[in-house]
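Working through the structure, step by step
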2 protein chains.
Amino acid sequence: MADIDSKLEAPKGGQFNVTTGPIRGSRKIHVPVPGTDVRVAMREITLEPGSGEAPVRVYDTSGPYTDPKAQIDIQAGLPLLRRDWILARGDVEDYEARAIKPEDNGQLGPDRSGGVPAFPNPVRRPLRARPGANVSQMHYARRGIVTPEMEYVAARENLGRAALKDALVRDGQDWGASIPDFVTGEFVREEVARGRAIIPNNINHPETEPMAIGRNFLVKINANIGNSAVASDVASEVDKMVWSIRHGADTVMDLSTGRNIHDTREWIIRNSPVPIGTVPIYQALEKVGGIAEDLTWEIFRDTLIEQAEQGVDYFTIHAGVRLPFIPLTAKRVTGIVSRGGSIMAKWCLAHHKESFLYERFDEITEIMKAYDIAYSLGDGLRPGSIADANDEAQFAELYTLGELTKRAWAQDVQVMIEGPGHVPMHKIKQNMDKQLEACGEAPFYTLGPLVTDIAPGYDHITSGIGAAMIGWFGTAMLCYVTPKEHLGLPDRDDVKVGVVTYKLAAHAADLAKGHPAAKMRDDALSRARFEFRWRDQFNLSLDPDTAEAYHDQTLPAEGAKTAHFCSMCGPKFCSMKITQEVRDFAAKQNQEPGAFIAAEDAEKGMEEMSARYREAGDLYIPAAE
Amino acid sequence: MADIDSKLEAPKGGQFNVTTGPIRGSRKIHVPVPGTDVRVAMREITLEPGSGEAPVRVYDTSGPYTDPKAQIDIQAGLPLLRRDWILARGDVEDYEARAIKPEDNGQLGPDRSGGVPAFPNPVRRPLRARPGANVSQMHYARRGIVTPEMEYVAARENLGRAALKDALVRDGQDWGASIPDFVTGEFVREEVARGRAIIPNNINHPETEPMAIGRNFLVKINANIGNSAVASDVASEVDKMVWSIRHGADTVMDLSTGRNIHDTREWIIRNSPVPIGTVPIYQALEKVGGIAEDLTWEIFRDTLIEQAEQGVDYFTIHAGVRLPFIPLTAKRVTGIVSRGGSIMAKWCLAHHKESFLYERFDEITEIMKAYDIAYSLGDGLRPGSIADANDEAQFAELYTLGELTKRAWAQDVQVMIEGPGHVPMHKIKQNMDKQLEACGEAPFYTLGPLVTDIAPGYDHITSGIGAAMIGWFGTAMLCYVTPKEHLGLPDRDDVKVGVVTYKLAAHAADLAKGHPAAKMRDDALSRARFEFRWRDQFNLSLDPDTAEAYHDQTLPAEGAKTAHFCSMCGPKFCSMKITQEVRDFAAKQNQEPGAFIAAEDAEKGMEEMSARYREAGDLYIPAAE
């Protein structure tokens, strides 16, 4: 999401390293894709020996940071996973990078003293498409090429689908999506070719593990980070990203403002295994001292090149905020709440001119295709309150974004569309339907939406409700909201709560859409719960640490984690235990449980059954024991 | 919700009084109902002087505890608000209460030593219907009588609707509900008469402020409390209830087990302004030492009378767990997770007999109508996992609950129906539709449902998503779930988070259904947000303390609460400020904002507008200041 204002606060108490180490109960595996040299990173949760349960493979966004075998050195950055794939296509050239200017870092001066230190080993010779070439994944897809990136995505998306192949029962309502039983590289290619999915992967960010955003793939989530007013150490800047992806963020947006923007971004990108998005107009605004009227196309264009060379994977561009739409917001309760939208509105009004983002759109697209940067077309006029949802301004902009989508696609540039915001439940589906129609099924990327305005402090939840619903309806990526939304800057705990809330919303959407393998994890966790495998229950959960901590607050003893009871009913009476008795009893009848006793002849067989039951009395552990 | 196992833990650190004092920024008002002696308690949020904003009236569940004028003495209990109304109907008699037995308090002995002290002033002579009489609100309603209870409910439900009368624009999707523009006593009567709403109000609990649960009223929420294993002081037991209603619980269920059940309940009821629900089978089970097989109709019946005399307002009765349905759960991933359902399943299997709750249902109904206790027909076979949602066992029970509803209605006894549980989003609506069909629109009362199983520690959120949705579809009351669900016992903070989460879910449902006045609070808060009235924003929120605390973590200075900027963009650039500029500019054009510049002639008028704009330059506070 473009300009939600959730920057991550610096951790209290000074020095602080990036978070490493495996996620509890999990190990990192690398699964080879047959017939390629692609090896896909996944996380495997091993369950209790003796439980008879197979390990559960889950989608892993955390990168090498959770791999004990990986050498993490944030001064060196991550390995260049995709470098060879990019060079092998033979359509790029390296060149002397644009020189860093003082204004790139907020006028810190050429020596950048007083700010974040420069990344020790920046890319001096970035890549770009050779003249006449187009290096976007969409371009390859449309020429019928299945890239290694597409193969990676395919293997990554399948998770447990292979195991289900024979027993697959699809159960869901997908609202017209086309989710395959099994994802192949060719399927990914088709989806990218028709614009229904994107793989945001700047050729100057070869550190990424490829991922797809699209309606027929797993629902993704984004977390926002950004530098704080007080310059913190670079490790903590990088850790904001590492912390987010550890808990499941699929992409991260760097919404830094103020000083150090360039250097902070360099540190983040060089260390990020997930795509990084930005809102270039934020940095451009800093370059003109915060005066929106002083923005020019030249400054903006230069900023795009600066960020393209660093490796930003997608740009939020608010090109749909057109001059004629601005007065449509005058009657709103909360006007224009998007920061990017406001900047452009102010510029348009001041000059009384059409937005240069709209006017220069095709020129921007030329840059995008030279680096394979994806558009995230910003919804600068999104509603900031329930009262303003689904209004004329919002939809006027959405239809313009549809027009721009087609213009970007004409140059084979990847596009996703940003969406609201604040929307009551009964108006959510209309947003999705109109987006699909206006934007030709380009992936939708929404902020929540929040389904009520009255719960500041709980807006991760008000928005999580809307996010789960719109994800079900077809939104491809959900931008997280933290508990601090509307109130202040999120801290580390807030970021974790925001990410986990969105992860559960995205998963709920996958379940409801009938993703073939999504339910495997729910079922594994529920079996663990039923069988009192507490550790498995924790390890299968989205946040094992919190689950265990909550459990331990009531029953801290180590033995309680293996005990066949819980704090709710205690050891004396347990509903799960009784169920096991029902099951054992039904099994003893040596027939199909459903046939055990039919409703019609319940009376008839009752006495006989009762007698048999008493014989088998040892099945029952007396509840008083 | 019947038997969700969320008992409230004793507060750490010993002695602890009930929470009193006004909710911040609010005052208690008592609004007279013309033509009656009914005065309805409400909460009024006063907004900043000079803002031009009228005070906002909100539904108030907190009772006298938030009224500084009220004298709170938990040893005396609350005033008997409804006593005269009950007596004036001339259809009750008082009689010598059933004697308290040692087993009522878990075999503490006749002196009850070692337990919670007895309430000093219990009711020695409870009320019941005179022979041949029926004191249920449904009975009055069906005879055309609008009771003071119904008048109270009507005035309480309206909130801001009177103010909206002329300008009312209905906006929502109500899925076939019949929500009136304005609620009258007669409307309440009609809804109660046809069974579409209930007013749970035992005649022995005259302390209650009447409230309605029904599809055409505001969506309500329930919080569960229960004594802890370690006997805590009585004030803290009472405070669990007071704390819940302070944050918005409309009813409270006392799910106590173990010792002190009788006395704890007496303290709670005598001090509760909201209806209290129980699951009588829990206490009955304690009376037989926890051995489900030893339960008898006689013990159960005696427990019903015991609780009826104390004033319990609704009973969860798991009469739908019939013997033939039990084997249908054998193939489930999580079997029977309802505690009440398990108890009855165990009893049925052990005796191989049909449930005595089902067999004796009409006799139970005889008791209900003598005290005006409402049924909450328990869903003992609700799914405990995504895998088990909407299965044969669940729906077999639901249709039985429909049959029992009609049997209760035949005696003019009020009924609501409990529902799941764990249900993926795409299967939620089916639950609502089947319930409406099977149970003749009797109010639905659901636990969540949780839309995924993989987020223990966050199940207030997984269930809040389902709760908001099913509330929108027509569920009348939502049983809260705390973050500790499945893991341990909730503490004070967990209860607050659970209640607020459900309050926001219920409100989101009201908004989406198109409740005529629900949006007034969202709009007032959004205007406050837009105008940087920070205190108004906090005070209008569901949890003012948390909202302010979060704000202060970033900008603690007192001045920041009146500053016209926030921590997100800071004083230099502010999207809300720019919107104000758009608005001022549109107003200066002295025409309708929509007509300011039409999309078609944007180009034409542009230069002229630009000139005018520059003249009006002082409208703009330079962003750099």
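Position numbers for residues count from 1 along each chain, tracking the sequence in the order it is written. Starting at A for chains and at 1 for ligands, labels are handed out in the order in which the entities are written. Per-residue local features are limited, in this predicted model, to residues with pLDDT of at least 70; the limit for side-chain atom pairs, both in listing and counting, is 80 or more; totals at the level of whole chains, interfaces and linings are taken over all residues. Remark: hydrogens and water are excluded; side-chain values derive from all non-hydrogen atoms of the structure.

1. Notes on the sheet that holds strand β3 (residues 56–58) of chain B
Residue and element names in this part refer to chain B. At least two DSSP bridges between two strands are needed for those strands to be called paired. Numbered from the N terminus, helices here are DSSP runs of H or I no shorter than four residues, and strands are runs of E no shorter than two. Spatially, the three strands line up as an open sheet ordered β1-β2-β3, and their pairing is antiparallel. Both edges of this open sheet fall to β1 (26–32) and β3, since each of them pairs with a single strand only. Across the sheet, the axes of successive neighbouring strands diverge by a mean angle of 40°, strand direction being ignored. The pairing of β1 with strand β2 (residues 39–45) spans seven bridges and is antiparallel. Across the sheet, the residue bridging to S26 is I45, located in β2. Every angle, taken between N-to-C directions, lies between 0 and 180 degrees, and every axis is a line fitted to C-alpha atoms, over only the stretch in contact when it is a helix.

2. A look at unusual backbone geometry
Following A:P420, the chain continues to A:G421 via a peptide bond in cis, the omega torsion being 0°. Along the chain, A:G421 turns up in the loop between β13 (415–419) and α14 (428–438). The residue after B:G448, namely B:P449, is reached through a cis peptide bond having omega 10°. You can see B:P449 is positioned in the loop between β14 (444–447) and α15 (459–473). Despite not being glycine, B:E441 has its phi angle at roughly 70°, a positive value. Turning to its location among the elements, B:E441 is positioned in the loop between α14 (428–438) and β14.

3. Focus: helix α8 (residues 280–287) of chain B
The buried fraction of α8(B) amounts to seven of the eight residues, a majority that puts the element mostly inside the structure. B:G289 sits one or two residues past α8(B) and shows a positive phi near 65°. A 1.4 Å probe rolled over the protein chains alone gives each residue an accessible area, and that area as a share of the maximum for its type sets the label: buried under 20%, exposed over 50%, partly exposed in between.

4. Quick word on the packing of aromatic side chains
Both the distance between ring centres and the angle between the ring planes are used here to describe each pair of aromatic rings. To pair, rings of Phe, Tyr and Trp, with the six-membered ring standing in for Trp, must have centres within 6.5 Å; the planes then decide the type, stacked if under 30 degrees apart, edge-to-face if over 60, and tilted in the middle. Scanning the entire structure with this criterion turns up 22 aromatic pairs over all chains. If you follow A:K429 out to its NZ or CZ, it ends over the ring of A:F473, 5.9 Å from the centre. Whether a charge lies above a ring is judged from NZ of Lys or CZ of Arg, which has to be within 6 Å of the ring centre and within 35 degrees of the ring normal.

5. Observations concerning the packing of α14(B) against α15(B)
Residues and elements named next belong to chain B. Closest axis-to-axis distance for the α14/α15 pair is 9 Å, and the angle between their directions is 35°. Once α14 is placed against α15, the crossing between them reads as right-handed. Packed against α14, whose contacting residues are I428, K429, N431 and M432, the element α15 presents G466, M469, I470 and F473 at the interface. When residues are grouped by polarity, Ala, Val, Leu, Ile, Met, Phe, Trp, Tyr, Cys and Pro land in nonpolar, Asp, Glu, Lys and Arg in charged, and all others, Gly among them, in polar. Classifying every residue of the contact of α14 with α15 gives five nonpolar, two polar and one charged. Should the near helix be turned counterclockwise from the far one by less than a right angle, the crossing is left-handed, whereas a clockwise turn marks it as right-handed. By the convention used here, residues are in contact when the closest approach between their heavy atoms is within 4.5 Å.

6. Thoughts on the state of the cysteines
Residues and elements named next belong to chain A. Any two cysteine sulfur atoms lying within 2.5 Å of each other are counted as a disulfide. The tally for this structure, following the rule as stated, stands at zero disulfides over all chains. In this structure C439 is a free cysteine whose sulfur lies 18 Å from that of C479, the closest cysteine sulfur available. Judged by relative accessible area, which is 0%, C479 ranks as buried.

7. Notes on the pattern of salt bridges
Here a salt bridge means any side-chain nitrogen of Lys or Arg lying within 4 Å of a carboxyl oxygen belonging to Asp or Glu. Under the counting rule described, the total for this entry stands at 97 salt bridges over all chains. The residue B:D60 makes a salt bridge to B:K28 at a minimum N-O spacing of 2.5 Å. Remark: B:K28 occurs in strand β1 and B:D60 occurs in the loop between β3 and α1 (83–88); sequence separation between them is 32 residues. For B:D60, a relative accessible area of 3% corresponds to the buried category. Linking B:D104 and B:R98 is a salt bridge whose minimum nitrogen-to-oxygen distance equals 2.9 Å. Of the residues examined, B:D104 reaches a relative accessible area of 1% and is grouped as buried. Here the salt bridges do not stand alone but share partners, grouping A:R98, A:K101, A:D104, A:R265, A:K287, A:D302 and A:E306 into one network.

8. Points about the sheet that holds strand β3 (residues 56–58) of chain A
All names here are of chain A. Pairing within the open sheet is antiparallel, and its three strands lie in the order β1-β2-β3. Unpaired on one side and paired on the other, β1 (26–32) and β3 mark the two borders of the sheet. Adjacent strand axes in the sheet meet at a mean angle of 40° when their direction is disregarded.

9. Examining the nonpolar core
Counting 305 residues, the largest nonpolar core has A:F300, A:Y375, A:M425, B:F300, B:Y375 and B:M425 as the members making the most contacts within it. Beyond its immediate sequence surroundings of up to four residues, B:F300 is in contact with B:P280, B:I281, B:A284, B:I317, B:F356, B:L357 and B:I364. Among buried residues, the Ala, Val, Leu, Ile, Met, Phe, Trp, Tyr and Cys ones that are joined through side-chain atoms within 4.5 Å form a nonpolar core.

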